[in-house]
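# Geometric and topological summary
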Amino acid sequence: MNLETSSPRRDFLRATALAGGGLVIGFLVPGARRFAMAQEATAAAPTTFVPNAFLSIAADDTITVQLAHAEMGQGIWTTLPMLIAEELDADWSKIRVEHGAADKAYTSPVFGMQGTGGSTSTWSEFDRYRQAGATARAMLLQAAAARLKVPVDQLRTENGAVVSGTTRLRYGELANDAGQQTPPALDMLKLRDPKDWKLIGKPTKRLDTPEKITGKARFGMDVQFEGLLTAVVLRSPVFGGTVKSFDATKARAVAGVRNVVQVPSGVAVIADHYWAAKLGRDALQVVWEAGDGAQLDSTALRQQFSQLATEEGPTAVRAGDVMAALGKAAKTVEAEYAVPYLAHAAMEPLNCTVKIGDGECDIWCGTQFPTLDQNSAARILGIPPEKIRIHTPFLGGGFGRRATPTSDVVSEAVEVAKAAKAPVKTVWTREDDTRGGYYRSAFVEKIKIGLGEDGLPTAWHQVMVGQSIMAGTFMEAMMVKDGIDATSTEGVANSPYVLGTPAHRVDLHSPKTGIPVLWWRSVGHSVNGFVMESVVDELAHAAGQDPLEYRRTLLKDHPRHLAALNLAAEKFGWGTPPAQGRGHGIAVHESFGSYVAQAAEVSIEEGRIRVHRVVCAIDCGVAVNPAGVQAQMESGIVFGLSAALHSTLTLREGQVQESNFHDYPVLRMNEMPQVEVHIVPSTERMGGVGEPGTPPIAPAVANAVFALTGQRLRELPLRLPTSTSSTPTA
């Protein structure tokens, strides 16, 4: 990504004039590429007011908000419209929401292209969406002033209307006139003072809930139209394998199968419906050229990573003489932590529908990065990207899997439709994605820490081993510096524990294995939150100190960490002795600009860990929708508990052994703990909430298990030795 820097003052770029009674404009956002709006409004009714790419107001007062990002369960279908409605002074009951088309108008201020990820959607749009609403409100006021022949400053807005004395002009009534007004420059806009907010900061029910609970919500898998065929692809069972030859005789004999074609990713069976395609694929006979991937074995990789962690590597951060400081330490703590490869396991299986026309193409796909998909399809078809129309339905979970730099799902579907010469929906079974998708990399981390007489760290040496997400992608130049992938070391290289230690060094090895890896909810923090908060707990016990008080000492100069930590401890009742057979653990971690602390209560039931209660506190800055923040913390905890207690992928002879929820389990309803979420009142810089709830839960549980049993579990998923008792330690 090549990002241009704009002037400090945000401004509008008027790129088109009136079209159908609506003015179409765009924004110049600091940190994003410059763009001139190209959002045409020719399809709008003459009385529809389209002040910018982010909203329109119809004559019936309906306000339609266009999302620049994808709704995949994180709640932005509600949160982003709240920003517009706040400044527009809208009637919330009139708000409707749609996913915006793939368009430069929706370029993310963070990514420099249209995309959803990194827990960035709300904070990155906090200004832009409020400005969009404020602009529309200003133009409505101008239109009302012209109609009533009164100065603008004698008018006010109220719940979707402009008010002058006893006269009320609904926004819908003013739509056509407002479209004739000149939008104000951003420096002339006056955004509402936080003390006057009516929506922001108030718990608000989600706008997408009714459709989802009634089954009306449209996901990618729901796309269906006349003439649409369905395809499934048989891919190599080994990473990097290729088709040597195939016999489709039996596949073609299956009723409903229309065609069998080879595509770059494997062999596609195209049929009238999914079941015919699936049965046809089962009947395929393919000879594979496995290549080096057939040698992959997760046990061997674990050993190789562990050995590599004993060697020095590229250094992410360092200060002082670590070896000398370790030699002078009053006590040393050494540990090796490990986590496995993980699948994303989103509820909706991957799918993509493609309809190719004459010099154009329509794609329906639940995607996190439509710009990447648009460009990938354009390369395959040899047509301009603007001729690729991306239609984004709801995403049935993403967690990073629907944001691949290679656009693997869309690229494959375009290849299939191109070969079929017909509209095709390409569907991945859950087994396809579990066994041949993209994964969170396994990691091994070796740590040696020296403590002073006061029990505080004086030396910190950490060697990390795990695959790089960014290496080999178009983002490598930006994200990998001197051999260090920032997504691997996040949460360690910038940790207050590491940076607060006088002598410290963090090294990273990024071995290449041939296993495709990708960001997974909370990315490197999903690994490093577990490692760092577990090892700090070890330090506290080695120092003979309470884990909470020890953290308070180490974080004394980090008020936002402390705010979350103290609130979680208070609400949990930390320090109150647990009931017989229960253990308590605590953790705090910053990720994606938010600070999250969690305390957990656990027991051991029939040799397995049972989590009974989790108390979570978050400082995310301004909580636009506290109900949404609460839901995302709960979601992150469930997601993290699945990895902490269950999830792991194993490879033998290059093949992933797990396939579906029966052997790659996620947390079940009967395992769900009681969860309390508390939000720290904060006006600090906003952070994200989609991912920060995940990193602290595994260490909180592991620390609670140690408090209960005396067993320090340093590998995920957490497994107890068969001889472990539940007698609390002193």
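Preceding this paragraph is the structure being described.
Description of the structure in this document. (Residues numbered from 1 in each chain as written. Predicted model: local features only at pLDDT ≥ 70, side-chain atom pairs only at ≥ 80, totals over all residues. Heavy atoms only, no water.)

### Considering the overall build of the protein
Under the convention used in this document: For helices the rule is a DSSP run of H or I covering at least 4 residues; for strands it is a run of E covering at least 2, with both sets numbered from the N terminus onward. Put simply, the radius of gyration uses C-alpha atoms, and a globule should come to 2.2 Å times the residue count raised to 0.38. The buried label goes to any residue with under 20% of its type's maximum accessible area, the exposed label to any with over 50%, and the partly exposed label to all in between, with areas taken from a 1.4 Å probe on protein chains only. A contact between two residues is defined here by any heavy atoms of the two lying within 4.5 Å. None of His or the chain ends enter the tally, which takes Lys and Arg as positive and Asp and Glu as negative. A charge is said to be at NZ when it belongs to Lys, at CZ for Arg, at CG for Asp and at CD for Glu.
Per the secondary structure count, the protein includes 19 helices and 33 strands. Over its C-alpha atoms the protein spans a radius of gyration of 27 Å, differing by no more than 12% from the 27 Å that the globule rule assigns to 730 residues. Seen along its three principal axes, the alpha-carbon backbone of the protein occupies a region of about 80 × 70 × 45 Å. In the protein, which comprises 730 residues, the share counted as buried stands at 61%. Across the protein, contacts joining residues at least 24 apart in sequence account for 74% of those joining residues at least 6 apart. In the protein, 70 positive and 77 negative side-chain charges are present, and the distance between their average locations comes to 3 Å.

### A look at the nonpolar core
Stated precisely, the cut-off is as follows: Here, nonpolar core refers to any group of buried Ala, Val, Leu, Ile, Met, Phe, Trp, Tyr and Cys residues whose side-chain atoms link them within 4.5 Å.
One finds W460, F530, I609 and V701 to be the most contacted residues of the largest nonpolar core, which totals 80 residues. Not counting residues up to four positions away in its chain, the partners in contact with V701 are A600, V602, I609, V611, L641 and L718. Listed in part, the 48 residues of the second largest apolar core include L80, A90, V162 and L199.

### Regarding the pattern of salt bridges
Where we set the bar: Throughout this description, the term salt bridge denotes a Lys or Arg side-chain nitrogen within 4 Å of a carboxyl oxygen of Asp or Glu.
If you walk through the whole model with that rule in mind, you get 40 salt bridges. Between D362 and R389 there is a salt bridge, with the nearest N and O atoms lying 2.7 Å from each other. Of the two residues, D362 sits in strand 20 (residues 361–364) while R389 sits in strand 21 (residues 388–391), which places them 27 residues apart along the sequence. One salt-bridge network, in which partners are shared between bridges, spans E71, R206, D208 and K212.

### Quick notes on helix 17 (residues 559–572)
Threshold: Expected helix span is taken as 1.5 Å per residue step, with the number of steps being one fewer than the number of residues.
Here helix 17 is 14 residues long and its end C-alpha atoms lie 20 Å apart, about the 20 Å a rise of 1.5 Å per residue gives. Restricting attention to buried positions, one finds in helix 17 the residues R560, H561, L562, A564, L565, L567, A568, A569 and F572. On its buried face, helix 17 is in contact with helix 14 (496–499), helix 16 (547–554), strand 28 (583–591), strand 29 (594–605), strand 30 (608–619) and strand 33 (674–679).

### A short note on the packing of helix 15 (residues 523–542) against helix 19 (residues 697–709)
Condition: Axes here refer to lines fitted to C-alpha atoms; in helices the fit is confined to the stretch in contact. Angles between the N-to-C directions go from 0 to 180 degrees. The cut-offs work like this: below 35 degrees is roughly parallel, past 145 is roughly antiparallel, 65 to 115 is roughly perpendicular, and the gaps in between are oblique. Note on convention: near helix rotated counterclockwise from far helix by under a right angle means a left-handed crossing. Clockwise means right-handed. Three classes are used, and their members are as follows: Ala, Val, Leu, Ile, Met, Phe, Trp, Tyr, Cys and Pro are nonpolar, Asp, Glu, Lys and Arg are charged, and the others, Gly among them, are polar.
Viewed as axis vectors pointing N to C, helix 15 and helix 19 meet at an angle of 30°, and their least axial separation amounts to 8 Å. Regarding the angle of helix 15 to helix 19, the classification is roughly parallel. Remark: the crossing between helix 15 and helix 19 carries right-handed chirality. Residue-level inspection shows G529, F530, E533, S534, D537 and H541 of helix 15 in contact with helix 19, the latter providing A698, P699, A702, N703 and F706. Looking at the contact of helix 15 with helix 19 residue by residue, the classes come out as 5 nonpolar, 4 polar and 2 charged.

### Here we look at the sheet that holds strand 18 (residues 331–339)
Rules: When DSSP finds two or more bridges between a pair of strands, those strands are recorded as paired.
On the basis of which strands lie adjacent, the open sheet formed by 5 strands has the order 17-27-24-23-18 and mixed pairing. Where the open sheet ends on each side, the last strands, each with one partner, are strand 17 (315–319) and strand 18. The average undirected angle you get between the axes of adjacent strands in this sheet is 10°. Direction of pairing for strand 23 (residues 443–451) relative to strand 24 (residues 457–466): antiparallel, over a ladder of 9 bridges. Residue pairing for strand 24: V444 is matched across the bridge by V465.

### Topic: the sheet that holds strand 9 (residues 156–157)
With antiparallel pairing, 3 strands are arranged side by side in an open sheet as 9-10-11. The sheet is open, and its two edges are formed by strand 9 and strand 11 (167–170), each paired on a single side. In this fold helix 3 (residues 171–178) packs onto strand 9, strand 10 (161–164) and strand 11, with an angle of close to 65° to the strand it touches most, strand 11.

### Observations regarding the pairing of strand 20
For clarity, the threshold we go by: The crossover handedness rule: strands pointing away from the viewer, path from first strand over the helix to second strand clockwise, crossover right-handed.
Where burial is concerned, the two faces of strand 20 agree: the one with C361 and I363 and the one with D362 and W364 are both buried. For strand 19 (residues 351–356) and strand 20, the ladder comprises 4 bridges, and the chain directions are antiparallel. Each bridged residue has a counterpart across the sheet, and for I356 the counterpart in strand 20 is C361. Linking strand 19 back to strand 20 in an antiparallel pair, the connection comprises 4 residues, with G359 at a positive phi of about 75°. Across 4 bridges, strand 20 lies against strand 21 in parallel orientation. Along strand 21, the bridge assignment pairs I363 with I390. On the question of chirality, the crossover connecting strand 20 to the parallel strand 21 by way of helix 9 (residues 370–381) is right-handed.

### Notes on the side chain of N528
Our working definition: Throughout this description, a polar contact denotes any pair of N or O atoms lying within 3.5 Å of each other; where both atoms belong to protein, one of them has to be capable of donating a hydrogen while the other can accept it, and for residues adjacent in sequence the pair is counted only when both atoms sit in side chains.
Note that N528 resides in helix 15. Given the relative accessible area of 0%, N528 is considered buried. Polar contacts involving the side chain of N528 include one to the main-chain carbonyl oxygen of E490, which spans 2.8 Å. If we skip the residues at most four places from it in the chain, N528 touches E445, M464, S488, T489, E490, G491, V492, E533 and H589.

### Some words on the packing of helix 2 (residues 121–148) against helix 3
For any two helices packed against each other, one specifies the crossing angle of their axes together with the interaxial distance. Running from amino to carboxyl end, helix 2 crosses helix 3 at an angle of 90°, the nearest separation of the two axes being 9 Å. Accordingly, the angle class assigned to the pair helix 2 and helix 3 is roughly perpendicular. Counting all contacts with helix 2, which are made through M139, L140, A143, A144 and R147, the residues of helix 3 involved are Y171, E173, L174, D177 and A178. Looking at side-chain class alone, the contact of helix 2 with helix 3 contains 7 nonpolar, no polar and 3 charged residues.

### Notes on the packing of aromatic side chains
To keep things clear, this is the line we draw: Here a Phe, Tyr or Trp ring, Trp counted by its six-membered ring, pairs with any other such ring whose centre lies within 6.5 Å, and the pair is stacked when the planes are under 30 degrees apart, edge-to-face when over 60, and tilted otherwise. In this scheme, Lys NZ or Arg CZ marks a charge over a ring once it lies within 6 Å of the ring centre and within 35 degrees of the ring normal.
All chains considered together, the criterion is met by 12 aromatic pairs. With 4.6 Å between their ring centres and 40° between their planes, F399 and F639 make a pair best called tilted. Residue F399 is located in the loop between strand 21 and helix 10 (408–420), and its partner F639 is located in helix 18 (residues 626–645); the two are separated by 240 residues in the primary sequence. For F399, a relative accessible area of 23% puts it in the partly exposed group. Assessed through its relative accessible area of 12%, F639 is described here as buried. Between F572 and W574, the ring centres sit 6.3 Å apart and the planes meet at 40°, which makes this aromatic pair tilted. Each member of the pair, F572 as well as W574, is classed as buried. Here a set of aromatic residues connected by ring pairs shows up, and it is made of F54, Y106 and Y129. The ring of W520 is capped by R440, whose NZ or CZ atom sits 5.3 Å from the centre of that ring. Over the ring of F706 we find R712, and its NZ or CZ is 4.1 Å from the ring centre.

### Some remarks on helix 9
The first and last C-alpha atoms of helix 9 sit 16 Å apart over 12 residues, in line with the 16 Å expected at 1.5 Å per residue. Extensive coverage of helix 9 is indicated by the burial of 10 of its 12 residues. Every buried residue of helix 9 is accounted for by P370, T371, L372, D373, Q374, S376, A377, A378, I380 and L381. Where the residues of helix 9 are buried, they touch strand 19, strand 20, strand 21 and helix 10. One or two residues past the end of helix 9 sits G382, with phi positive at roughly 70°.

Limitation: the analysis is restricted to geometry and does not speak to function.
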